[in-house]
Amino acid sequence: MWNRSIPSDFLYRDVVNEILIEENYGSDKLYIYEDTDNRDSYKGKNRLLAGYISANIPLDKLNIYTGVRYENNQMTLTNYIAIKEYTTRDQKYKDSYLYPSVNMSYNFTENQLIRLGYGASVNRPEFREVAPAVYYDFDLFSAVKGNQDLKTARIQNIDLRYEWYPTPGETVSIALFYKNFRNPIEWTYLDAGGSYTYTFENAQSTDNFGVELDIKKNLAFIGLKDLTWSFNGALIQSKVKFSEESLEKGSPMQGQSPYLINIGLFYRNDRGD
């Protein structure tokens, strides 16, 4: 909090070098206090009922594994609707859906195969994303609130993969993947007249695609048979399509890195087993 003795452009100065400095703190200058009311708290509960049925269909060198999962989910958010009164309101989010999947693999040699997979999945809003309670984010230097109108995001996944197993315990695979999101949940902001309040919204759709390389190699060829080296890397691209009313425009998915790299070294001594 601050009083009128602080310059009018105070809020727009460099936060680290010009605002959060010792001479700006004091009982008659800049100080921090907690300003909260009943609407800043909420309760939630979630119930999920699910079942899955699957079948494996071997056809010589072709193997088909398919199934479908049913999910019935109900999330209930309870929040206060007044500053000092203890009147609450329940907001229910009901969701029932079938999620089919199929995985087909064709072994054209004993240690090489091609795999094609499809699966439907879901991304449901979290309580924090739908709760109307407001909190201050000290990284964004802005308020954040939820959006009670969020919808569940539906995801379609397709994966085409080549796999090679040169020796037991060693693998080499390369994959192409594609994901389509309907109603993906994304960050957005509201213009509060000189400041911003961050919140969440459903974009229209997102296309996410890329390539992935996975290698697991034993180091016996350099005399280190107890060590295994692994590598996993992926290149990823995505673009979000927003509605015309949104303040956001085409951009990568929230939190989506353009690449991922994982490297590991594992030790195993069979004599110690």
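Residues numbered from 1 in each chain as written. Predicted model: local features only at pLDDT ≥ 70, side-chain atom pairs only at ≥ 80, totals over all residues. Heavy atoms only, no water.

Trainee: Provide a residue-level description of the overall build of the protein, including the pertinent values.
Mentor: On a plain count of helices and strands, the protein comes out with two helices and 13 strands. Dimensions of the protein along its principal axes, counting C-alpha atoms only, are 80 × 50 × 45 Å. Counting the 273 residues in the protein, one finds 30% classified as buried. Here the analysis covers contacts within the protein between residues at least 6 apart in sequence; of these, 59% occur between residues at least 24 apart. Of the roughly 18200 Å² of accessible surface on the protein, 55% is carried by carbon and sulfur atoms. Looking at charge distribution, the protein has the averaged site of its 30 positive side-chain charges lying 7 Å from that of its 36 negative ones. (Helix = DSSP H or I, 4+ residues; strand = E, 2+ residues; numbered from the N terminus. Buried < 20%, exposed > 50% of the residue type's maximum accessible area, 1.4 Å probe, protein only. Contact = heavy atoms within 4.5 Å. Areas by Shrake-Rupley, 256 points an atom, 1.4 Å probe, with all protein chains shown as cover. Lys, Arg positive; Asp, Glu negative; His and termini not counted. Charge placed at Lys NZ, Arg CZ, Asp CG, Glu CD.)

Trainee: If you had to explain the layout of surface pockets to someone new, which residues and values would you point to?
Mentor: Its boundaries defined by the atoms lining it, the second largest pocket holds a volume of some 250 Å³. If you go around the second largest pocket, you meet 14 residues; those closest to its centre are Asn218, Lys225, Asp226, Thr228 and Arg268. Counting residues per element, the ones that place at least two in the lining of the second largest pocket are β11 (205-219), β12 (224-241) and β13 (259-267). Tallying contributions element by element places β12 first for the lining of the second largest pocket, with four residues. Counted by class, the lining of the second largest pocket contains four nonpolar, four polar and six charged residues. (1 Å grid on protein atoms, 1.4 Å probe; cavity = no way out; pocket = protein on both sides within 12 Å on 5 of 7 lines; lining within 4 Å. Points joined across faces, edges and corners; volume = space filled by probe spheres on them. Nonpolar A, V, L, I, M, F, W, Y, C, P; charged D, E, K, R; others polar.)

Trainee: Describe the pairing of β11, with residues and values.
Mentor: With twelve bridges joining them, strand β8 (residues 171-182) and β11 adopt antiparallel strand pairing. From the neighbouring strand, isoleucine 174 faces β11, where its bridge partner is leucine 213. Direction of pairing for β11 relative to β12: antiparallel, over a ladder of 15 bridges. Residue asparagine 218 lies in a different strand from β12, and its bridge partner there is threonine 228. Where β11 folds back onto β12 in an antiparallel hairpin, the turn is made up of four residues, including glycine 223, whose phi is positive at roughly 85°. (Pairing = 2+ DSSP bridges.)

Trainee: Please provide a residue-by-residue account of a positive patch on the surface, values included.
Mentor: A contiguous patch of positive charge, built from Lys45, Arg47, Lys92 and Lys94, is present on the exposed surface. Where the positive patch is concerned, the elements lending two or more residues are β1 (42-59) and β3 (88-109). Exposure remark for arginine 47: the relative accessible area of 39% places this residue in the partly exposed category. (Patch = residues over 30% accessible without salt bridge, like charges linked within 9 Å, V, L, I, M, F, W, Y side chains within 5 Å. Salt bridge = Lys/Arg side-chain N within 4 Å of Asp/Glu carboxyl O.)

Trainee: Just give me the short version of the sheet that holds β12, but keep the residues and values in it.
Mentor: In spatial order, the strands read β1-β2-β3-β4-β7-β8-β11-β12-β13; together these nine strands make up an open sheet with antiparallel pairing. If you trace the sheet from one side to the other, it starts and ends with β1 and β13, each paired once. When the angles between neighbouring strand axes are averaged without regard to direction, this sheet yields 10°. (Axes fitted to C-alpha atoms, helices over the stretch in contact; angles between N-to-C directions.)

Trainee: Summarise the pairing of strand β10 (residues 196-202); cite the residues concerned and give the values.
Mentor: If a strand is regular, its side chains alternate between the two faces of the sheet. Taking burial as the measure, the seven residues of β10 include five buried ones, the bulk of the element. Two strands pair when backbone bridges link them, and strand β6 (residues 142-145) and β10 are joined in this way by two bridges, in the parallel orientation. Looking at the pairing, alanine 143 lines up with threonine 197 of β10.

Trainee: A description of the pattern of salt bridges should follow, citing residues and the corresponding values.
Mentor: For the structure on display, the rule yields nine salt bridges. Where arginine 154 meets aspartate 95, a salt bridge forms, and the shortest distance between an N and an O atom there is 2.6 Å. Within this pair, whereas arginine 154 is found in strand β7 (residues 153-164), its partner aspartate 95 is found in strand β3, the two being separated by 59 residues in sequence. A single burial state applies to arginine 154 and to aspartate 95, both of which are buried. With its nearest N and O atoms 3.4 Å apart, the salt bridge here joins arginine 161 to aspartate 159. Residue classification places arginine 161 among the buried residues on the basis of a relative accessible area of 18%. Three or more residues are tied together by salt bridges with common partners; here these are Arg69, Glu71, Asp95, Arg124 and Arg154.

Trainee: Let's hear about the nonpolar core: which residues, and what values?
Mentor: Listed in full, the nine residues of the largest apolar core are Met75, Leu77, Tyr93, Val130, Ala131, Val144, Leu150, Ile185 and Phe200. Leave out the neighbours within four places in its chain, and leucine 150 touches Tyr93, Pro125, Glu129, Val130, Ile185, Phe200, Glu201 and Asn202. Core analysis: the second largest hydrophobic core is formed by six residues, Ile155, Ala203, Val240 and Phe242 among them. (Core = buried A, V, L, I, M, F, W, Y, C linked by side-chain atoms within 4.5 Å.)

Trainee: Break down the confidence of the model for the protein for me, with residues and values.
Mentor: Here the protein averages 88 in pLDDT, and 94% of its residues register 70 or above. Averaged pLDDT values over the elements of the protein bottom out at 79 in helix α1 (residues 15-19) and peak at 97 in β7. (pLDDT = per-residue confidence, 0-100.)

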